[in-house]
Amino acid sequence: MSPQPQSVVSTPLDSLSYAAPSRIRAFLCPVGLVSRPRFLGFVSRLQDTAIIRLGDVTPDPRPERVMFSPQGFPDGFVVYNFVTAIDSHHAFLEDIELYRRTLAVFGLADYNNINDLTDLQIVIGALQAQHPQALIHKVILFDCPLDQNELPSVDFICVPPKRASRITSLRTTLCDLTSALLAELPLLAKAFQAADTIASPLARDDDYDSVMLTSSAVAHSRSSPAGSTGSLPSTINKDNRISYPLSHHTERQRMRRKGRSMKMIANMYLLAGRTFDALKEYNDALNVLKGVNDHLWHASSLEGIGICMVILAHIGVPFVIPNAVLPPVSPSSEKKELVQPQLLDLLPQMTSTILSLYNRSQNFPGESVPQITYAETILRTTNLLACTTLAGGWTSAARTAAVLSRPIPDVSIPYSQFHHAKMNVMNWISAAQAVRLDGVDAVDAARILTGVAAACGKLGYFRKRGFVLRQLVIELIPRIFQARQVAQNHRSLVSRSDVDDDEYWEDNRDVHVQPQDLDSGVLAVLSDICTVYGIPVDSTSEVSTFGWQDVKTSILKTCIGLCQVMPDFVGIVRYTSMLFRFSAEDLSVDEQLTLIRNFGNAYTAARSMGVQDFEQEYWDAYLVRDIAVVESSLWAVPTLVPLDAASSNRSDSSGPFIYNPFAKKGDEEGKRHLFVLDEPVEFRVILQNPFAFELDILTMSLVGTGTSFSSDVISLVVPPRKLYPASIYLTPTSTGVLNITGCRFQVLGCKETILSITPTQAAVTPPIRIKNFGLDARSSSMVKIRSPTFVKHVAVEVVPALPVLRVNRISLPHSSLMLLEGERRRFVIALGNVSETVPATSISLKFTDSTTKSLSAALQEDFRSESDRYEIEMFLHKRAALRCVTDLNEIKVPANGEAEIEVEVLGKRGLTSASIEISYSNVFDSDLALTVMYVRTLALDINVTVNASIEVAGCDFVPFSYDMPMIRTGDGQATTTDILLKFLDQVGIQFEQMDNYCLMLLDLRNSWPSQLAVELDSRTGANDIHTVKKVIQPGHLTRLLVPIRRISDIDTSVPIPSLAPPKQFTRSAVKSLSGNGSRKSGLAPEVERTVFWYREELLKVLDGRWTDNISATDGLRRGAVELRALKISPQMVDIIRVDDVVVDLSLAPSEYIRKSGKYHWIVEADSFLTLVASVTSHSTSDSVSGILRIQPTLRNLPASIALDINRRILFNGILQMPVVDIKSGDTRRVETDFVVLVRGEYEFVASFEETTAGFGGKRYIGREKLVISVN
């Protein structure tokens, strides 16, 4: 078993803390089988106990090991700096800065994964061989249940399980380790004391003596007064270098070695926690080094004194400031205790002196200060002052933060004091930033710049911090590129020679960047740079909207460039994604193509190296623009139909109200689609690719919430700069509500991401514009960059399984049909159920045809009269072009079965096409509790051609009259009276009842190119039907004589009804109420109603049909004559109607009279006669009253002569008399006696003026005149 010294990222103490040189560096490495999480847990437990008080440490009993005994300063403490990586880059600084040296190596092992403890003996030897510079090598067994005595060696330390131990147990273990480490420090101290020389970090062996001699001579010459002579003779050589005797050189070397040795001992005391002894040793070393002008080590000793004073101030132990560090302006020979505020003022002055000594050391190449040491000195002082600034002064919190790197609690500080202190700190930050980085390697440059950036961040100078970090990245790119080239050249040289790698790097000290140290700590600052400049480091973080877009683009390009020269493939993938996410609009086409090519290469390389979980989220949050359901040609989408009318409050054309305020408003955005269980549904996904390169989508599927479903997973390539539609199928697996919220994607090189639906018209809501000064704008408004402000979802309701019907066949060839107007034809539709489990138990049909649109448009025209609107509604709602003949209640389509439905088509004018909508479901009679059902619809279209057949060309009405002239026909055999009597006999009308009928003259035209036989029925009585037959040749017009029984008992005051579904108001009614109605009929409303109702009664007694048995190829063709084309006028109404009051005149029987016709009498002159006037009421009113007037005239004479009857007829009474209270259906007889004195022909006409509602009422005149011939 061997140790595993792999580097593991940890969180050590602040390496730039002011007291950082007082910490013992301990290396932690995993031993045996230890998982990464377990190892990091062990490291975290050790870091929690990194501070060990010397009073708790047991001293070593051996007298030769008591030099650093903890009993010498029990109030002190040892601070461990646990690291998981060896800092070999700064190994050359370990002599002057001992805290950089790894003094302890601890192997961390998991006892649960160890089979044999004896195998760990090999581990100890391996640790000692790999880390010979360490003083102790121990193996710590975590979760070990054994006692320490049971372990095979003292080099193994047992730590009980965490749940069974307290923190004091681990602290006791570290106290024992500290005791062992302090016991080994005297050996290291003796080694330094016995060393002949202690070299400086940059000293070289070949010029070491000359450098020191030269420096000593120069220092001596500067310190000697002019003209004085020293005790040692000296000469000036030709190169102006002062020479001293050899004995003088040897003395200075001895004092230099002594001072440096004392300084090393002081470093050990400082690491061992004996701060008082360290302060004394530093002071003694400072006096010796100052005397020999060893500026580098002199400054380092002075820095150690400052560290000791700060630690002692933190502990609270009083101390005396050495005179050597007091300001020269106030010399004091007496040592006195300095209060803490004075110490705070003294420390910056000491740092200024240290920097001055470092600058003086630059005159001697071998003894010059390394740039990293110079910069870290400034940065440690800067951190100290920053702690005091944030803590409000030299407080306990400030001292704790400076010594132990603890966080500083928030305190309230006056602005003037805080601002002044910040400006002082910024002066030191500027000094650290002024360090030249030309001769510094990449790692040290990164350390210096990150230290400056950290100090700026503590004080809130975020812009300054961001600028420094950006400078860091810019500095690193060329250095790392140079280092990669050097490494590549080195590998080629090794392949051609046997040069050892260590020797190669040893002989090339001028190459500043070593490849093995490049990746350590370099990429950690990139995320911080992005955050400073307003770029979110991940897609889910909230960032402020500050910063310029051009600067962000430049920063991201710089980060990509750094990752490319490293090379860091994960970083390339990450920052390229960020660049596309936030700055894609600022990139040209060539830049985008180059970036995506490098992105793909880096992704492939990282995957080939075995890197896992490094993919980033896709950079465009608006990839999904829309998701819509595609109407499937295979699966009909069901609809929800309420079974209870009360449960439906829809506001549509079928409702009773034009406007229903209680109706639910339709929400198109949240409208739910109905899907059927286990039936795939197609969705159309609109994808947006605004980039100049193709988007390779590896996987895409739908995501949603609610009920379960399964989505297809597809792959596709989206073209550049396109809106690309993609089809994907989804199958619901359970019923319920499902919301499709977006899609799950995995784009090449990106992690699997779920994106919401962002419609095309949606845009990111601009952030609140708040103008603030300075860095206050950084937190003025926070928005989520990746979260669209408006998203859409598709609501879906999954219903139980439903049947699926198909039209297997139809009896119409090519779904086409030719009809004549008025003809009816039937055809059969065969429906098949393709569902294997669900039958179709409920089927309904809905018909629409091409006449619906034109008729509906005609109804919307305002100029239509009431009667015209009724006719339109009649053809729209009552004269359906199609109807179902089969009883649908008896139709059931079983699973995998078939059923037939018979449909009848009517040849309707204007019919060119028709659509049959078949709605079906699987509702059973037992489902009485259901309030809704889910219905599917199947549409079937047919083409219809309707040709003209029999058309009504016109009509007229002629009354039958008894007073008809007797004219003989052309043959002289018959008269008109004979013809009339013959016609009446044919139609079955008695001559005496002739006045109850009228004659309709109907003109019909045959528009079909074949003769048609027409039959017209007229119902003349309850059981009497008269039929008129005629064969009409093609294109001929024929007049039919049809007897019509006159119509009575019609209430014409009833408004013309509407056949449309009931509404609150109709449009025409509203117009009439407002007085703005427009009527094109030209008739008064009362007259229009009268004509309408009498026409309706006339159509009830008429029925016409035609037949064609000549041109029909499939049997007899027959149809109905469309008699609703009849148009009648008010004059025609007067002929066909029976008046409300009928007045009939006759003579009472007498021996002096003889009847020659129904209304024709022959009487003798000077005979007494009785005129009988019969008044019959047919009114719908209860009773009628009025005045009966009788007007006798001379026949066949002009009116001026015909009315002169005063001396011709004598009447017993008056010719006008009241007749009151005639009940409906009753007849009132009024008799008047008269005598005719003069021979001739007389006519009597009677009229009745209704006075029920007062004078001026309606007047009725008898239809027939009474004619009396006097002999």
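In this text, all values refer to a predicted model and were calculated from it rather than measured experimentally.

A.B. asks: In this structure, what is going on with the overall build of the protein? I would like to understand it.
C.D. replies: Of the regular secondary structure elements, the protein holds 25 helices and 47 strands. Contacts in the protein between residues at least 24 apart in sequence constitute 76% of all its contacts with a sequence separation of at least 6.

A.B. asks: What is the right way to read the sheet that holds strand β10 (residues 624–629) from this model?
C.D. replies: Strand order in the open sheet made by the four strands is β10-β13-β17-β15, with antiparallel pairing throughout. At either end of the open sheet lies a strand with only one pairing partner, and these are β10 and β15 (709–711). Strand-to-strand, the axes of this sheet are offset by a mean angle of 30 degrees, without reference to chain direction. In this sheet, strand β17 (residues 722–732) lies alongside strand β13 (residues 681–689) in antiparallel orientation, the contact comprising nine bridges. Note on β17: the bridge partner recorded for glutamate 682 is tyrosine 729.

A.B. asks: Would you take a moment to explain the pairing of β10 for this structure?
C.D. replies: Consecutive side chains along a regular strand alternate between the two faces of the sheet. In terms of burial, β10 is a largely internal element, six of the six residues being buried. In the sheet, β10 pairs with β13 via five bridges, with the strands oriented antiparallel. Across the sheet, the residue bridging to valine 624 is leucine 687, located in β13.

A.B. asks: Could you clarify how one ought to interpret the nonpolar core in this entry?
C.D. replies: The nonpolar side chains of soluble globular proteins are, as a tendency, buried together. With 185 residues, the main nonpolar core has Phe106, Leu108, Ile627, Phe683, Leu687 and Met700 as its most contacted residues. When residues in this core are grouped by element, the largest group, twelve residues, is from helix α7 (residues 295–315). Apart from the residues lying within four places of it in its own chain, the contact partners of leucine 108 are Leu28, Cys29, Pro30, Val31, Val34, Phe39, Phe42, Val43, Leu46, Ile140 and Phe142. Residues Tyr870, Ile950, Leu1126 and Ile1128 belong to the second largest nonpolar core, which totals 39 residues.

A.B. asks: Got a minute to help me understand the confidence of the model for the protein in this structure?
C.D. replies: On average, the protein scores 80 in pLDDT, and the residues at 70 or more come to 80%. Under a pLDDT of 50 for its full length, residues 493–521 has, in the predicted model, 33 contacts with residues more than four places off or in other chains. This model gives residues 1065–1079 a pLDDT under 50, and the stretch forms 15 contacts once residues within four places in sequence are excluded.

A.B. asks: Is there a simple way to think about the pairing of strand β19 (residues 753–756) in this case?
C.D. replies: Burial along β19 is one-sided: Thr753 and Leu755 are buried, and none of Ile754 and Ser756, which face the opposite way, are. As defined by bridge partners, strand β18 (residues 736–747) adjoins β19 across four bridges and the pair is classed as antiparallel. Across the sheet, the residue bridging to phenylalanine 745 is threonine 753, located in β19. The turn linking β18 back onto β19 is made up of five residues, and glycine 749 within it adopts a positive phi angle of 90 degrees.

A.B. asks: I tried to follow the sheet that holds strand β2 (residues 51–53) on my own but got confused; where do I start?
C.D. replies: Within a sheet, adjacent strands bond to each other through the backbone by hydrogen bonds, running parallel or antiparallel. Across the sheet, which stays open at both edges, the six strands sit in the order β2-β3-β1-β4-β5-β6 with mixed pairing between neighbours. Two strands close off the open sheet at either side, each with one partner strand: β2 and β6 (156–159). Between one strand axis and the next, the sheet turns by 30 degrees as a mean value, whatever way the strands run. In this sheet, strand β4 (residues 102–110) lies alongside strand β1 (residues 23–31) in parallel orientation, the contact comprising seven bridges. Among the inter-strand pairings, leucine 28 is bridged to a residue of β4, identified as phenylalanine 106.

A.B. asks: Would you explain the packing of helix α16 (residues 549–565) against helix α17 (residues 569–583) in this entry?
C.D. replies: Between two packed helices, both the angle of their axes relative to each other and the distance between the axes serve to describe the pair. One can describe the packing of α16 onto α17 by two numbers: an axis separation of 9 Å at closest approach and a directional angle of 165 degrees. Taken together, the axis directions place α16 and α17 in an arrangement best described as roughly antiparallel. The hand of the α16/α17 crossing is left-handed. Contacts between α16 and α17 involve Gln549, Thr553, Leu556, Lys557, Cys559, Ile560, Cys563 and Gln564 from the first element and Gly571, Ile572, Tyr575, Thr576, Met578, Leu579, Phe582 and Ser583 from the second.

A.B. asks: How do you make sense of the packing of helix α9 (residues 371–391) against helix α10 (residues 396–404) when you look at a structure like this?
C.D. replies: Where α9 meets α10, the closest approach of the two axes is 8 Å, and the angle between their N-to-C directions is 150 degrees. On the basis of their axis angle, the class for α9 and α10 is roughly antiparallel. Considering only the axes of α9 and α10, their crossing is right-handed. Listed contacts from α10 to Leu384, Cys387, Thr388 and Ala391 of α9 are Ala397, Ala398, Ala401 and Ala402. Of the residues contributing to the contact of α9 with α10, the split by class is seven nonpolar, one polar and no charged.

A.B. asks: In this structure, what is going on with the pattern of salt bridges? I would like to understand it.
C.D. replies: Two side chains with opposite charge may pair up if their charged atoms get near one another. Applying the stated criterion across every chain, the model contains 51 salt bridges. A salt bridge links arginine 909 to glutamate 821; the nearest nitrogen and oxygen atoms lie 3.1 Å apart. Here the residue arginine 909 occupies a position in the loop between β27 (898–906) and β28 (913–921), and glutamate 821 occupies one in the loop between β23 (816–820) and β24 (824–833), the gap between them amounting to 88 residues. Given a relative accessible area of 56%, arginine 909 falls into the exposed group. The class of glutamate 821 is buried, set by a relative accessible area of 10%. Glutamate 823 is paired through a salt bridge with arginine 1117; the nearest N and O atoms lie 2.8 Å apart. Here glutamate 823 is found in the loop between β23 and β24, whereas its partner arginine 1117 is found in strand β36 (residues 1117–1120), with 294 residues between them in sequence. Judged on exposure class, the residue glutamate 823 and its partner arginine 1117 are both buried. When salt bridges that share partners are traced, they join Glu97, Arg100, Glu303, Glu376, Arg380 and Arg447 into one network.

Rules used in this analysis
- Residues numbered from 1 in each chain as written.
- Predicted model: local features only at pLDDT ≥ 70, side-chain atom pairs only at ≥ 80, totals over all residues.
- Heavy atoms only, no water.
- Helix = DSSP H or I, 4+ residues; strand = E, 2+ residues; numbered from the N terminus.
- Contact = heavy atoms within 4.5 Å.
- Pairing = 2+ DSSP bridges.
- Axes fitted to C-alpha atoms, helices over the stretch in contact; angles between N-to-C directions.
- Buried < 20%, exposed > 50% of the residue type's maximum accessible area, 1.4 Å probe, protein only.
- Core = buried A, V, L, I, M, F, W, Y, C linked by side-chain atoms within 4.5 Å.
- pLDDT = per-residue confidence, 0-100.
- Parallel < 35°, antiparallel > 145°, perpendicular 65-115°, else oblique.
- Left-handed = near helix turned anticlockwise from the far one by under 90°.
- Nonpolar A, V, L, I, M, F, W, Y, C, P; charged D, E, K, R; others polar.
- Salt bridge = Lys/Arg side-chain N within 4 Å of Asp/Glu carboxyl O.

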